[in-house]
Amino acid sequence: MANPIVSRAELAVGGAPMTVKGVIQKTSLLLGLSAITGIGFFFYALMAGLSQGFISMAAFGSMFAAFGLAIFITFKPQKAKTFAVPYALLEGIFLGGISLFFMRMYPSVPLTALCATFVTAAVMLGLYRSGIVKVNDKFRSIMMSAIFAIMILYLIQWGFVLFGSSLPFLFDGGMVAIGFSLFVVVIASFSLLLDFDNIDRGVAMGISEDYEWLFSIGILATLVWMYIEFMRLLSYLQD
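Residues numbered from 1 in each chain as written. Predicted model: local features only at pLDDT ≥ 70, side-chain atom pairs only at ≥ 80, totals over all residues. Heavy atoms only, no water.

## Digging into the layout of surface pockets
Defined as follows: A cavity here means a set of 1 Å grid points, computed over protein atoms only, where a 1.4 Å probe fits but cannot escape. A pocket is an open set with protein on both sides within 12 Å along at least 5 of 7 lines, and lining residues have an atom within 4 Å of a point. Grid points are joined across faces, edges and corners, and a volume is the space filled by probe spheres set on the points. Secondary structure counts use DSSP, requiring at least four H or I residues in a row for a helix and at least two E residues in a row for a strand, with both numbered from the N terminus.
Counted as a void, the second largest pocket has a volume near 510 Å³. Lining the second largest pocket are 21 residues, and of these Ile39, Leu95, Ser99, Leu114 and Tyr227 sit closest to its centre. For the lining of the second largest pocket, the secondary structure elements donating two or more residues are helix 2 (20–48), helix 4 (80–105), helix 5 (109–130) and helix 8 (212–238). In terms of residue count, helix 2 provides more of the lining of the second largest pocket than any other element does, seven residues in total.

Take a look at the structure:
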């Protein structure tokens, strides 16, 4: 998910400056680790016949662990290099478990959502590089407000789930839920523009190459968010 750009004083810690190429390489590594871990957990759970309860516990336990690690990295960006790989592995377990959950109900949804995620990411990169969509202070403010509001709703929903319930309308698969899910997909997609802009700003500031890991984590988090929201939206449309 989009990371707020960190001050030069925090990031300029010596060594070679970060580059776009370096971020791409590290993002590819983290995506590869998440994919391998996710596929491995997916097929292990399938072949071993693990119960849905165990799969859900592993998936959501990994999700909360990854979320906590992301919060820690946000406040301690200099630790991104240390925790990037563990973060990617946790995301992989979560992706494998949640993909299996959706596949058992809607066999075509995970693959369709995966294709939609990467196509959307390519479109967002094209829009950003072409200058059709410009990331200015107003855009950044609107996006951060929307992301924060969505995160609050997610937290409230998780609280409802713990008591065996759900937020009315927003997560029940009805028309309002479809509209909300579509809105979240749009916000998640446009969050990539913030990630791209943060990378360009980091390169312009000449911050240390160690922090390429920070921006790579941000892109991975955004792509995972997009994938999950695409699966949710597609499952609603299947219903």
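## So, the packing of aromatic side chains
Geometrically, a pair of aromatic rings is defined through the distance of the ring centres and the angle of the planes. Put simply, the rule is: Between rings of Phe, Tyr and Trp, where Trp is taken as its six-membered ring, a pair exists when centres lie within 6.5 Å; planes separated by under 30 degrees are stacked, by over 60 edge-to-face, and by other angles tilted. Here the term buried applies to any residue with accessible area under 20% of the maximum for its type, exposed to any over 50%, and partly exposed to those in between, with areas from a 1.4 Å probe on protein chains only.
Counting across every chain of the model gives six aromatic pairs. Measuring from centroid to centroid gives 5.6 Å for Phe101 and Phe102, while their planes differ by 85°, and the two rings are edge-to-face. Phe101 sits in the partly exposed class, given a relative accessible area of 31%. Geometrically, the ring pair formed by Tyr128 and Phe196 is tilted, given 5.8 Å between the ring centres and 50° between the ring planes. Remark: Phe196 occurs in helix 7 (residues 175–205) and Tyr128 occurs in helix 5; sequence separation between them is 68 residues. For the pair formed by Tyr128 and Phe196, the shared burial category is buried.

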